[in-house]
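Spelled out, the chains give:
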Amino acid sequence: MKHNLGSSYAAPQALWLTVFFAAPLAIIIAYSFMKRDLYGGVLPQASLEAYRSLANPTLLVITLRTLWVSLAATVFTILIALPCGYSIARSHNQAMRLFLVIVPFWTNFLIRIYAWIAILGNEGFINDLLRALGLTTDSVQFLYNQGAVILVLVYMYLPYAILPLFSTIDKFDFNLLEAARDLGATRMQALRKVLIPNIRGGLVTAVLFTFIPIFGAYAVPLLVGGKDSYMLGNVIADQVTKTRNWPLASSIAMGVTLLTGLAAVIFAATSSRSNHHVEEDSGIGSVSATAGIPSGGQA
Amino acid sequence: MAEKGHAKRRKGISFSDFVYGAVIAFLFAPLVVLFIYSFNNSRSGSWHGFSFIWYEKLFMGSGELWHAFRNSVIIALSSALTATLLGSLAAVGTSRYSFWYRPYVKSMSFIPMILPEIIVGVSLLVFFAGVGLKLGMITVWIAHTTFNIPFVYLLVSARLEEFDPSIIEAARDLGATEVQTLLRIILPITMPGIASGFLTAVTLSLEDFVITFFVAGPGSTTLPLFIYSAIRFGVSPVINALSAVMVVGTVLLIYPARNFLKAYAAH
């Protein structure tokens, strides 16, 4: 009796996700092994053509660039988020400090990107300021390059890193730091050897929450990037909507999915292996529950 | 606290507090600039005096924008409702019972959250083309429900894990039927989880650009898609005014809602 009830409660959701999530993914997998039809769509013939064309140098460059941009943005984000989460955790006014981090993220995703266009654009705030000060007569091109993409990505993903880091640091027993200091560790040593290993769960979550959506970034490079910042997400989109080479789009999508999956598995494995004696806290639940911000980031 | 002062050298402002302050400035600065420029009496970036023209344009002369806003609200409410219904039921099912496809439900509710949005969007587009469903409000609703379900499921499951399952057994022992238990015990207890799941779903839906971009058709332009077309080629002052209204609006809407939730959860 019990057995049947549980499955009937879960059935509608399972059915929905099977039809609208698993099936579309299965189609993508199937299409990646088929031949391209001239007018979009696919020919029902098995072929490795799409995977062979993955090896072309242009695509390789874009893949390496996507990796580089995602890594750079993730590293910057974590380096900034770590002291930030620490500061919130040690504050006497945690709620207020958290609130201030979250408020900007109630603003629409595109508006947050647009704000940077309004600041860095040729007609934007900074160029206006430079002209007013007589430092330039023309405008300086701040946008449409890789630097702008990384800056805006860091801006977009900081809270996704700060929140899980805060929630693990908050549970850390700070007496351990004192003990380390009393035993002669320097401040840096104590942080590196005592704090960092104990908050590894939060670090892993923070890295995953920034790296994965950034790796699949589409809107940010589209709006503030230029030729040197075209990323894999943009290739997939263009192959689907413009070139209409669905098998190629599908094979790239497969690649991105496998890489993100691999990243998730590697991170999860390293954190549990090196750290199984420490109580794990990924901070995922507390992020979405306390923050009220979307946890599945878009880029 | 004395013991805190020991680990943290009291020498003015600490490094981490300094970074925190800088981050807050970094997070707010762009929004403040937008807010100020929404009152600019000029189309260009330079300041030409204070005016409300962009607000006037926003509220009087932007029919398309309001149509997009209407679409966004319809999609947000309908997809959040569907996702809340499906997600909450599934959470009750997987938290209380074990059945053969329980692991499938659990992993299916996790994977969409970690997959880059572009993959979800593209695969749905290809799927809709394959089954011959015309892109429009229905396809956007389906897509939004799909990415909302995992969040509702997660939040409701978290809530269900918090309470003592013996309450349910007690209810059953005292003769409550399954439906009575569901409606009079489980539903009230999980309500904060369901409500925050619903609110999260509404927020996510109003926010979404990437997935919607692929599955929307003519006539189903949502607010983010409209904003995208307006900012595609640079600065657009009406969007400055819209941003200001949206920031203030969301803070006014969400803050009381969150306080209400907290108060409810504390019961």
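Residues numbered from 1 in each chain as written. Chains lettered and ligands numbered in written order. Predicted model: local features only at pLDDT ≥ 70, side-chain atom pairs only at ≥ 80, totals over all residues.

*Asks:* Explain the overall build of chain B here, please?
*Replies:* Each helix and strand counted, chain B has 13 helices and zero strands in total. Shown N-terminal to C-terminal, the secondary structure of chain B runs as helices and strands in the order α-α-α-α-α-α-α-α-α-α-α-α-α. For chain B, the C-alpha atoms occupy an extent of roughly 75 × 70 × 30 Å along the three principal directions. Counting only residues that meet the buried cut, chain B has 43% of its 267 residues in that class. Long-range contacts, defined here as pairs at least 24 residues apart, represent 80% of the contacts in chain B between residues at least 6 apart. (Helix = DSSP H or I, 4+ residues; strand = E, 2+ residues; numbered from the N terminus. Buried ≥ 20, exposed ≤ 12 C-beta atoms within 10 Å, placed from the backbone. Contact = placed C-beta atoms within 7 Å.)

*Asks:* Got a minute to help me understand the overall build of chain A in this structure?
*Replies:* Of regular secondary structure, chain A possesses 14 helices and two strands. Looking at chain A alone, contacts between residues at least 24 apart form 74% of all its contacts between residues at least 6 apart.

*Asks:* I would appreciate a short explanation of helix H8 (residues 137-162) of chain B in the present structure.
*Replies:* Every α-helix winds through 3.6 residues per turn, so residues three or four apart in the chain are directed the same way. Residue and element names in this part refer to chain B. Look at H8: 37 Å from first C-alpha to last across 26 residues, which is about the 38 Å you get at 1.5 Å a residue. Where H8 bends most, at Asn-148, the angle is about 30°, and the proline Pro-150 comes one to four residues later. Most of H8 sits out of view: 19 of its 26 residues are buried. (Expected span 1.5 Å × (residues − 1). Bend = angle between axes of the 7 residues up to and from the residue.)

*Asks:* What is the right way to look at the domain arrangement of chain B in this model?
*Replies:* Many structure descriptions define interface size as the accessible area lost when the parts assemble. Residues and elements named next belong to chain B. Taken as a whole, chain B is organised into domain 1 (14-51) and domain 2 (62-266). Measuring from the centre of the C-alpha atoms in domain 1 to the corresponding centre in domain 2 gives 31 Å. Taken together, the contact pairs eight residues of domain 1 with seven residues of domain 2. Broken down by class, the residue content of the side of domain 1 that touches domain 2 amounts to four nonpolar, three polar and one charged. (Domains from an automatic or database assignment. Nonpolar A, V, L, I, M, F, W, Y, C, P; charged D, E, K, R; others polar.)

*Asks:* Quick question: what am I supposed to make of the interface of chain B and chain A here?
*Replies:* With 85 residues of chain B at the interface, the matching set in chain A holds 82 residues. It is helix H2 (residues 15-37) of chain B that contributes the most residues to the side of chain B that touches chain A, 14 residues altogether.

*Asks:* When you look at the nonpolar core in this model, what are you seeing that I'm missing?
*Replies:* Side chains that are nonpolar tend, in soluble globular proteins, to be buried together. With 156 residues, the main nonpolar core has Ile117(A), Val152(A), Leu153(A) and Val224(A) as its most contacted residues. No other element matches the 18 residues that helix H7 (residues 146-171) of chain A contributes to this core. Residue-level mapping places this core at the junction of two domains, with at least three residues from each of domain 1 (14-51) and domain 2 (62-266) of chain B. (Core = buried A, V, L, I, M, F, W, Y, C linked by C-beta atoms within 7 Å.)

*Asks:* Is there a simple way to think about the packing of helix H12 (residues 232-241) of chain A against helix H7 (residues 117-131) of chain B in this case?
*Replies:* The axes of two packed helices give the description: the angle between them and the distance between them. Close contact between H12(A) and H7(B) brings their axes to 10 Å; oriented N to C, the two are set at 10°. Comparing their axes, H7(B) and H12(A) come out roughly parallel. Here Gly233(A), Ile236(A), Ala237(A) and Val240(A) of H12(A) lie close against H7(B), whose contacting residues are Ile118(B), Val122(B) and Leu125(B). Here the residues of the contact of H12(A) with H7(B) are counted per class, giving six nonpolar, one polar and no charged. (Axes fitted to C-alpha atoms, helices over the stretch in contact; angles between N-to-C directions. Parallel < 35°, antiparallel > 145°, perpendicular 65-115°, else oblique.)

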